[in-house]
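Single-letter residue listing:
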Amino acid sequence: MPLFKSLRVKIVGAALGICMSSAAVAQEFTFSVHHFLSPKAITQTRLIEPWVAAIEEASGGRIAFEVFPSMSLGGKPSELYGQVRDGVADVVWTLPGYTPGVFPRVEVFELPNVHGGDALATNRAIQDMMPDLAADFDDIYPLLVHVHAGNALHLASGNVTELQDFEGLKIRSPSRTGAWMLEALGAEPVGMPVPALPQALAKKTVDAGLVPFEVAIPLKLADLTTASVELDGGARFGTSTFLFAMNKNSYASLPADLQAIVDEVSGRVLSEAMGAAWNEMEPLGKERARAAGAAVSALSAENTAAFDGPFQQVADRWVSEVNSIGIDGAELLKRAREAVAKHSK
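Cut-offs applied
Residues numbered from 1 in each chain as written. Predicted model: local features only at pLDDT ≥ 70, side-chain atom pairs only at ≥ 80, totals over all residues. Heavy atoms only, no water. Helix = DSSP H or I, 4+ residues; strand = E, 2+ residues; numbered from the N terminus. Areas by Shrake-Rupley, 256 points an atom, 1.4 Å probe, with all protein chains shown as cover. Pairing = 2+ DSSP bridges. Axes fitted to C-alpha atoms, helices over the stretch in contact; angles between N-to-C directions. Salt bridge = Lys/Arg side-chain N within 4 Å of Asp/Glu carboxyl O. Buried < 20%, exposed > 50% of the residue type's maximum accessible area, 1.4 Å probe, protein only. 1 Å grid on protein atoms, 1.4 Å probe; cavity = no way out; pocket = protein on both sides within 12 Å on 5 of 7 lines; lining within 4 Å. Points joined across faces, edges and corners; volume = space filled by probe spheres on them. Nonpolar A, V, L, I, M, F, W, Y, C, P; charged D, E, K, R; others polar. Parallel < 35°, antiparallel > 145°, perpendicular 65-115°, else oblique. Contact = heavy atoms within 4.5 Å. Left-handed = near helix turned anticlockwise from the far one by under 90°. pLDDT = per-residue confidence, 0-100. Phe/Tyr/Trp six-rings, centres within 6.5 Å; stacked < 30°, edge-to-face > 60°. Right-handed = clockwise from strand over helix to strand, strands pointing away.

**Topic: the overall build of the protein chain**
Each helix and strand in the protein chain was counted, giving 14 helices and 11 strands. Surface summary for the protein chain: the accessible area is close to 13,500 Å², and the carbon and sulfur share equals 53%.

Dropping the structure here:
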């Protein structure tokens, strides 16, 4: 929290210099913000609410927002991208993975062995590569593309200690590349939005789920699982990318000084705050799991090395697929890995 507060002070100060030095003026623009998580989720409390407050303050009240959590504007989580593209909502927070094929370049950061477990490092890498990803956002105005700390495996019963233990397990997958990874590991992927995971674990319709420890806190997965597992050194089973985006016409409706405020509060500055926030929350999620009696462990270095082959299969599959639509997948993958490694030092 202190990091975001300090950043907000800097953002507001800079934006005020851009926008105005006089007293607050009348409200001119009201925008809706729509997402699928609860109002208590970290996305709302640590990303959306501070972002909204910073813009409202810096604009002197000329911009206002109405936040609609839990899909309260209607529709399904998978429809959020369409809603912001078509102007049903002015701003949304969603997962690119909910609309497979729409964001092929962004998907590179979800591949196993790209993200290493540090949300801040990967967020910085994404910001460096935004020009390479820009073609994915032709129909919307991206405010932030970011990741969480990465997917750990949370099991409804038993535990896993090696690759062979994945064989036959039904596991909630966060994305299509996550499903490819589970298939390569011998497991059966089950696609579902993350809010459906607790019930699926309780009813044993899945054996496990892939989510970070941070997400496990509001979902209360510690009360539904016996074990949580990550790879050696805190590495994860891939990650999910998230998109915070604005309708292009809504953004274009703002005069240049207000567009500058939105841009000052978004992008790299916001990615820094969210990367730090996600990293901060992971140890708390682990503590919550241990307090509930669940085992929290990392696979040995030797057993982690056994995953390299299946993970490479997933990367090769993705490269082949994006090559077929005119994207140099091998080069994009190489650059993504290098960018993450650069910021992980």
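**Focus on the sheet that holds strand S5 (residues 152-155)**
Taken in spatial order, the 6 strands make up an open sheet running S7-S6-S8-S5-S9-S11, and their pairing is mixed. The open sheet has two edge strands with one neighbour each: strand S7 (188-191) and strand S11 (295-298). For this sheet the average axis-to-axis angle between neighbouring strands, irrespective of direction, equals 25°. One ladder, built from 2 bridges, connects strand S6 (residues 170-173) with strand S8 (residues 208-211); its direction is parallel.

**A look at the pattern of salt bridges**
One pass over the structure, following the stated rule, counts 17 salt bridges. For Asp132, the salt bridge is made with Arg335, and the minimal N-O distance between the two is 2.7 Å. Taken together, the residues span a long stretch of sequence, with Asp132 in helix H5 (residues 130-133) and Arg335 in helix H14 (residues 329-343) at a distance of 203 residues. You can call Arg335 partly exposed: its relative accessible area is 35%. Two residues, Arg288 and Asp223, come together in a salt bridge whose shortest N-O distance is 2.9 Å. On the criterion of sequence distance, the pair formed by Arg288 in helix H11 (residues 267-291) and Asp223 in the loop between helix H8 (213-219) and strand S9 (227-230) is long-range, its members being 65 residues apart. Of the residues examined, Asp223 reaches a relative accessible area of 49% and is grouped as partly exposed. One continuous salt-bridge network, built from bridges that share partners, spans Glu230, Arg236, Glu282 and Lys286.

**Digging into the layout of surface pockets**
Of the volumes computed, that of the largest pocket is approximately 300 Å³. Forming the boundary of the largest pocket are 23 residues, of which Phe36, Leu37, Val194, Val215 and Leu219 lie nearest the centre. Only helix H2 (42-58) and H8 provide two or more residues apiece to the lining of the largest pocket. Looking at the lining of the largest pocket element by element, the count peaks at 4 residues for H8. In terms of residue class, the lining of the largest pocket is made up of 17 nonpolar, 4 polar and 2 charged. Around the second largest pocket sit Pro77, Ser78, Gly97, Tyr98, Pro100, Ser173, Pro174, Ser175, Arg176, Gly191, Met192 and Pro193, which together line it.

**Structural notes on the packing of helix H13 (residues 308-323) against H14**
For the pair H13 and H14, the least separation of the axes is 8 Å and the interaxial angle reads 130°. Relative to H14, the element H13 is oriented oblique. Two secondary-structure elements touch here, H13 through Gln312, Ala315, Trp318, Val319, Val322 and Asn323 and H14 through Gly329, Ala330, Leu332, Leu333 and Arg337. Among the residues forming the contact of H13 with H14, the class breakdown is 7 nonpolar, 3 polar and 1 charged.

**So, the pairing of S6**
As judged from the 4 bridges shared by S6 and S7, these two strands associate in the parallel manner. Note on S7: the bridge partner recorded for Ile171 is Pro189.

**Concerning the packing of helix H6 (residues 176-184) against H13**
One way to put it is that H6 packs onto H13 with a least axis distance of 9 Å and a crossing angle of 135°. As judged from the angle between their axes, H6 and H13 are oblique. By crossing handedness, the relation of H6 to H13 is classed as right-handed. Contacts between H6 and H13 involve Arg176, Thr177, Trp180, Met181, Glu183 and Ala184 from the former and Pro310, Phe311, Gln313, Val314, Arg317, Trp318 and Glu321 from the latter.

**Topic: the environment of Asp308**
Within the secondary structure, Asp308 sits in helix H13. On the basis of relative accessible area, Asp308 is assigned to the partly exposed category, the value being 42%.

**Observations concerning the confidence of the model for the protein chain**
Taken residue by residue, the protein chain gives an average pLDDT of 92. The fraction at 70 or more is 93%. This stretch, residues 10-24, has a pLDDT under 50; its non-local contacts, to residues over four places away or in other chains, come to 25 contacts.

**Considerations on the packing of aromatic side chains**
Counted according to the given criterion, the structure contains 15 aromatic pairs. Centre to centre, the rings of Phe166 and Phe237 are 5.7 Å apart; their planes meet at 55°, and the pair counts as tilted. A residue pair is termed long-range when its members are at least 10 positions apart, and Phe166 in the loop between S5 and S6 and Phe237 in the loop between S9 and strand S10 (241-246) qualify at 71 residues. Residue classification places Phe166 among the buried positions, given a relative accessible area of 1%.

**Re the pairing of strand S1 (residues 29-34)**
Of all 6 residues that make up S1, 5 are buried, and the element is covered over most of its length. As defined by bridge partners, S1 adjoins strand S2 (residues 63-68) across 6 bridges and the pair is classed as parallel. What sits directly across from Phe29, in S2, is Ile63. Between the parallel pair S1 and S2, the chain is carried across by H2, and the sense of this crossover is right-handed. Sheet analysis places S1 next to strand S3 (residues 91-94), joined by 2 bridges and oriented parallel. Bridging across to S3, His34 finds its partner in Val92.

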